[in-house]
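Observations on the three-dimensional arrangement
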Amino acid sequence: MKRKIALLLAMVMILGMLAGCKTNDDTPETTTEPAATQSPEEQEVLKFLCIGNSHGLDATAALYEVFRAEAPEKKVVLGAMYYQGCRLDQHASWIREEKPNYMYYKIDEELYKKTSGNWKVMLGKEVNLEIESGATMTYVLQDEQWDVVSLQQMNTRTGLADGYPAEDIKTIVDHINNTLEVKPEIGWQMIWTNPDDESLVSTAGWSSWRNDYVADYQLNQDVMYKAIVEQVKKNILTNDAFSFVVPAATAIHYAGEVCGVPDTELFRDYTHLSMTARVIAAYMWYAQLMGLDHIDEIKLDVYPKILVPTKFKYLGDVELTAEIKDYILKSVNHALANPYEVPAQ
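Attention here is on the structure that accompanies the text. These numbers come from a predicted model, not from an experiment.

Positionally, glutamine 90 belongs in helix H5 (residues 88–97). For glutamine 90, a relative accessible area of 15% translates into the label buried.

Given below as structure tokens:
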């Protein structure tokens, strides 16, 4: 028994001596700090290209500012291809003919610094509604390895059965996939309705646009919105080429119909968005690109004067008041939760 006790005491003494040992009194003790790591979202550069017309520019003009406000650590490259009122059949035709008919806009961290916050015109000049010295779609696609590419139809044709020509859509999608080394996600932007307010619809010089609105949609936003939703469900949701739909039309329509924002605050003319409505569309894209199904708050405080497209007149920077932020937030979150529905009022 005494022998066992002695052995136990010896072991305790040895362990105590080991615990108190230092390898070198002159060597400072060091602690290992966890290495600072970035999330995959912070490390990767997100590259998004919008192929469209002035409505595409409307939807993306404020997008870089939204990223700066909401996710300043996220690196993004944004591109936009523009031709006045461009339709899907025109895109397809110009692909086959390699026509340099596009204005090509781009913005990233370096360009933002160089242009004082404006998108840079990489190629093209608009003269009398025509593009001179422009870019081909191939050129723009090859300029970056785009992760996400969006398509859309001309506004007045978005609610028509013949506004989604299958062969033309296939031509465009195939060209995108065959040109890029890695196939991108291809999405569809659901363009908004025209305003009902006659003072906007009858804007001088755009009578043909108004005539189409009257003939096809009875000069009625609700009729046009329902027609757009119906055609997107029939032609886009059933097409495996598209990974997603951005329901900008729903967000804009909700702002007007439910939040009570007048047409004159949502539109600047017969079809184009106001400065604040552009922020609604930009937040829809921000949510899609960041994989969000809800926005907690609107952190963007001021929508600065953005020169896209350069031909449009701007009235200066717009402060996003608490009231404006409220209807932007409600409209965006409704559209994220109910992409193809606006409650009847």
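Another aspect to go through is helix H14 (residues 275–290). Here H14 is 16 residues long and its end C-alpha atoms lie 23 Å apart, about the 22 Å a rise of 1.5 Å per residue gives. With 14 of 16 residues buried, H14 lies mostly within the body of the structure. Looking one or two residues beyond H14, the residue adopting positive phi is glycine 291, at roughly 70°.

The next subject is helix H11 (residues 221–235). Residues spaced three or four apart along an α-helix point in a common direction, a consequence of the helix completing one turn every 3.6 residues. With 15 residues, H11 extends 21 Å between its outermost C-alpha atoms, agreeing within 8% with the 21 Å of an ideal straight helix rising 1.5 Å per residue. Of the residues making up H11, those classed as buried are Gln221, Met224, Tyr225, Ala227, Ile228, Val229, Gln231 and Val232.

In total, this model carries 16 salt bridges according to the counting rule given. Here glutamate 144 makes a salt bridge to lysine 47, at a shortest N to O gap of 2.7 Å. Of this pair, glutamate 144 sits in the loop between helix H7 (137–143) and strand E7 (148–151) while lysine 47 sits in strand E1 (residues 45–52), and the two are 97 residues apart along the sequence. Taking the relative accessible area as the measure of exposure, glutamate 144 reaches 16% and is therefore buried. With a shortest N-O distance of 2.8 Å, lysine 106 and aspartate 143 are connected by a salt bridge. In this pair, lysine 106 is assigned in strand E3 (residues 103–107) and aspartate 143 in helix H7, connecting sequence segments 37 residues apart.

The packing of two helices is summarised by the inter-axis angle and the distance between the axes. Contact geometry for H14 and helix H15 (residues 322–337): axes closest at 10 Å, N-to-C directions at 40°. Considered as vectors, H14 and H15 are oriented oblique to each other. H14 and H15 meet at a crossing whose hand is right-handed. Within the contact between the two elements, H14 uses Thr276, Val279, Ile280, Tyr283, Met284 and Ala287 and H15 uses Ile324, Tyr327, Ile328, Val332, Ala335 and Leu336. When its residues are assigned to classes, the contact of H14 with H15 shows 11 nonpolar, 1 polar and no charged.

Conventions we followed
- Each chain has its residues counted from 1, running along the sequence as written.
- Note on the predicted model: pLDDT of at least 70 is required for a residue's local features to be given, and 80 or more for side-chain atom pairs to be given and counted; whole-chain, interface and lining totals, by contrast, use all residues.
- Computation of side-chain values: all heavy atoms of the structure, hydrogens and water removed.
- Helix numbers and strand numbers start at the N terminus; a helix is a DSSP run of H or I with at least 4 residues, a strand a run of E with at least 2.
- The buried label goes to any residue with under 20% of its type's maximum accessible area, the exposed label to any with over 50%, and the partly exposed label to all in between, with areas taken from a 1.4 Å probe on protein chains only.
- Any helix carries an expected span of 1.5 Å times its number of residues minus one.
- Every case where a carboxyl oxygen of Asp or Glu lies within 4 Å of a side-chain nitrogen of Lys or Arg is listed as a salt bridge.
- Between N-to-C directions, angles cover 0 to 180 degrees, with each direction set by a line fitted to C-alpha atoms, over the stretch in contact for helices.
- With respect to orientation, any angle under 35 degrees is reported as roughly parallel, any angle over 145 as roughly antiparallel, any angle of 65 to 115 as roughly perpendicular, and every other angle as oblique.
- Here is the rule for handedness: rotate from the far helix to the near one, and if that takes an anticlockwise turn smaller than a right angle the crossing is left-handed, while a clockwise turn gives right-handed.
- What makes two residues a contact is simply this: any of their non-hydrogen atoms within 4.5 Å.
- Each residue is assigned to one class: nonpolar for Ala, Val, Leu, Ile, Met, Phe, Trp, Tyr, Cys and Pro, charged for Asp, Glu, Lys and Arg, and polar for all the others, Gly among them.

Keep in mind these values describe shape, not function.
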